[in-house]
Amino acid sequence: MINHSLNELAALLAGKKISSAELTREFLVRIAKHNPAINAFVTLDEEKSLAQAAAADARIAKGDGGPLTGIPIAQKDIFCAKGWRTTCGSKMLANFTAPYDAYVIEQFDRAGAVNLGKTNMDEFAMGSSNETSFFGKVQNPWDRARVPGGSSGGSAAAVAARLAPAATGTDTGGSIRQPASLCGLSGLKPTYGVCSRYGMIAFASSLDQAGPMAKSCADLSLMMNVMAGFDNRDSTSLQRDQEDYARELNKPLAGLRIGLPREYFAEGLSAEVAKVVQDAIAEYRRLGAQTVEVSLPNTRLSIPVYYVLAPAEASSNLARYDGVRYGYRAPQYTDLLDMYCKTRAQGFGAEVKRRIMIGTYVLSAGYYDAYYLKAQKLRRLIAQDFAAAFKQCDVIMGPTAPDTAFKSDEKTDDPVAMYLQDIYTIAVNLAGLPGMSIPAGFANGLPVGLQVIGNYFDEARMLNVGHAYQQATDWHTRMPEGL
Amino acid sequence: MSLTLNDVKRIAHLARIEVQDSEAEACLGQLSGILGLIEEMQSVNTDGIEPMSHSQDVSQRLREDAVTEADQRALFQSVAPAVENGLYLVPKVIE
C-alpha cells in the first residue's frame, strides 16, 4: 500500500477493498515506528485523523467521495488547522493552537482527505536544510546523516520514507523543489497567486506559494485540483476559472521545445548532478522534444535580490510576534519594551533573527531606495529574462539544486553558503513563475532532481512533461532502503 | 558597506530583539557577509525600470465596507499569553 499512487489508493477506497480508517492506521503505525528517528512529523493527533477517516468512509459508502476522499495527507506545519497545534517550526508558536483553518486545509477537508499530521520545517520556512527548526533536525531517508533539504524538509522526508502518500509544502525561494530534489520526490510550486495564502503563516508575502509534494506528477495533479482556487481572503489570490490539472497528463511530447539556460549549467554545479540532468534531457529528446539554448543573464542577481526582498517582507510580517495576542511571552521583563525585546530574543532562533535584522536594516530610514526599491527593479529584469527565454521554448529545464543532499551541520555556520543552495530556484519565485522538481536519477546513491520551469499558468503542461518522463523512466518509484 | 557593533545593536533595537554583547559580535560578521552578498545589486543600472511586486501586476481588490466576520473574541483570546475580562494584559505603560 505504501508505494501506491493516489489514483490506486482512490480506486481501492472506492471499490471498498480498504477503508480510509485502515489506510490511515497503516500510515500512523509506520509513523510511530520510524518518526522517532526521522523526525518528519512534529504534531500527530491520531484521534482527529481517525475521526476524519471515519467521516471519509461514511462519505464513500454514500457514493459521494471524490478523488482524494479518505486519503491521508501530511500537512506542512505552516498551515493553520483548526484545533491542531500549528508551530511553523518555532518556539514562538510551540504552544499555538490554530483557531481557524487555512484555505488549503479547508480545501483538503472539503475533498474529504485525512490530515495525517503536521510536518517539521525550517523555522518560519527560513532555511534550506530543515536544521533551523525548534523541533530538531529531520533525517534524509536516503542517508540519515544528511539533510532532507528545506524548508519543507519534514514533508519531503515523510513522503520519501513512505510515512505519508503525499504532503503539502510551501515555496518562497525553493522550499518545495529543493527538498523534493534532495529526497527523490516530485514537487510543484504553482504560479504565484494560484493557491491562496490565507492561513498560511507568512514569511515573504510577495513570494510565498503553497504546492504539493508527492511520488509522481500524476499525484501532484490530483493534489493541485484540490489546492488551487480563488480566495477572497488573500489579497493576491488570482481570479481564474477552476482547471483540471490532470487534463494534459497523457499528451505526447513530440514538438515540445525545451530551453536550457546556459547559466544553469555553469560554474557551481556539481559534475555528478550535471551528468544526471543531461541524461534526463537526452531522454526527453528520445521522447520527441527539441532543445534550445537560452540565456537568463540576471540569474546571479537573484540571490542578492531575494536576500533583500524576503528579509524585508519577513521583518514586517514577523513584527506580529510581540508576546501579546498569541505565542510565546518571556517569563520575566521590566516594562513593555523589555517584554517585546526579550520575547523575540527568546522566541526566535538565530536564522530568523538574522533575517529580521537584515530586513530591518534594508527598510530603515534612508536605505529604502538603495535596497528594497532597487531589488524590486532588478526583480523585473529577472522576470523579463524568463519572458525572453519563453519566446524560444515551452518549458525551461535544468538542475533543481547545485548538489545532492549535504551532511547535517555542514553549512550551519555559514549562512551565505546555505543561501547558494537556492541559486536555480529563487529566480522562479521572483518572477512568480511555476517551477517543479522531478526525480531524474542518482549521484553517489543520492537522489537528483530535474527542475522544470513553465510559463505563467502552464502547470498542466508541466505536469504532462513530468508525467511523460515518469512513464518512460522509473526513478520516481525508487524508495530508500530499511523502511 | 560594513557594519559596526553599534549598527548591529541599533538594528536589533529597531527590530525589538534583545542582543547580548557576545551575540552582537557573532551577528556582526554574519550580517556583514549577507550585506556583502547584497551589494552586488548596485553594479547594475536600473534607471527607468519599474519596480515589480506581483508578477501579474494586479491591483488591490475592493469590497463593500460591510461586517463579514463573526465575533470570535473568546476563541482568539484563548491562545493569548495573558487576558482578563476580554482584555489583553501587558505591563503598565502609563504611570
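This text gives an overview of the structure that appears in the document. (Residues numbered from 1 in each chain as written. Chains lettered and ligands numbered in written order. Predicted model: local features only at pLDDT ≥ 70, side-chain atom pairs only at ≥ 80, totals over all residues.)

## Here we look at the overall build of chain A
Here comes step 1: Scanning chain A from N- to C-terminus turns up 15 helices and 11 strands.
Here comes step 2: Computed over C-alpha atoms, the radius of gyration of chain A comes to 21 Å, within 12% of the 23 Å expected from 2.2 N^0.38 for 483 residues, which places it in the range of a compact globule.
Here comes step 3: Summarising its shape, the C-alpha atoms of chain A cover approximately 65 × 55 × 45 Å along the three principal directions.
Here comes step 4: Of all 483 residues assigned to chain A, the portion counted as buried reaches 62%. (Helix = DSSP H or I, 4+ residues; strand = E, 2+ residues; numbered from the N terminus. Rg over C-alpha atoms; globule rule 2.2 N^0.38 Å. Buried ≥ 20, exposed ≤ 12 C-beta atoms within 10 Å, placed from the backbone.)

## A short note on the packing of helix 2 (residues 20-38) of chain A against helix 3 (residues 46-61) of chain A
Residue and element names in this part refer to chain A.
Here comes step 1: As a packed pair, helix 2 and helix 3 sit with axes 8 Å apart at the nearest point and diverge in direction by 155°. Taken together, the axes of helix 2 and helix 3 are roughly antiparallel relative to one another. Crossing of helix 2 over helix 3 shows right-handed handedness. Judged by residue contacts, S20, A21, T24 and L28 of helix 2 engage E46, S49, L50, A53, A54, A56 and D57 from helix 3.
Here comes step 2: Residue classes in the contact of helix 2 with helix 3 are distributed as 6 nonpolar, 3 polar and 2 charged. (Axes fitted to C-alpha atoms, helices over the stretch in contact; angles between N-to-C directions. Parallel < 35°, antiparallel > 145°, perpendicular 65-115°, else oblique. Left-handed = near helix turned anticlockwise from the far one by under 90°. Contact = placed C-beta atoms within 7 Å. Nonpolar A, V, L, I, M, F, W, Y, C, P; charged D, E, K, R; others polar.)

## Details of helix 12 (residues 369-389) of chain A
Each α-helix winds once per 3.6 residues, and so residues spaced three or four apart point in a common direction.
All names here are of chain A.
Here comes step 1: With 21 residues, helix 12 extends 29 Å from end C-alpha to end C-alpha; this agrees with the ideal 30 Å at 1.5 Å per step.
Here comes step 2: Residues of helix 12 that are buried: Y371, K374, A375, Q376, K377, L378, R379, R380, I382, D385, F386 and A389.
Here comes step 3: Check the buried side of helix 12 and you find it contacts strand 7 (257-261), strand 8 (290-294), helix 9 (302-317), helix 11 (350-363), strand 9 (395-399) and helix 14 (426-431). (Expected span 1.5 Å × (residues − 1).)

## Quick look at the interface of chain A and chain B
One frequent convention defines the size of an interface as the accessible area lost when the parts assemble.
Here comes step 1: With 53 residues of chain A in contact, the opposing surface of chain B contributes 37 residues.
Here comes step 2: Among the elements that make up the side of chain A that touches chain B, the one with the highest residue count is helix 12 of chain A (10 residues).

## What about the environment of L249(A)?
Residue and element names in this part refer to chain A.
Here comes step 1: By secondary structure assignment, the location of L249 is in the loop between helix 7 (217-227) and strand 7.
Here comes step 2: By C-beta crowding, L249 is classed as partly exposed, having 19 other C-beta atoms within 10 Å.
Here comes step 3: Residues L249 and I18, 231 residues apart in the sequence, show an inter-C-alpha distance of 27 Å.
Here comes step 4: Those residues within four positions of L249 in sequence are excluded, and the remaining contacts are A218, S221, L463, N464 and H467.

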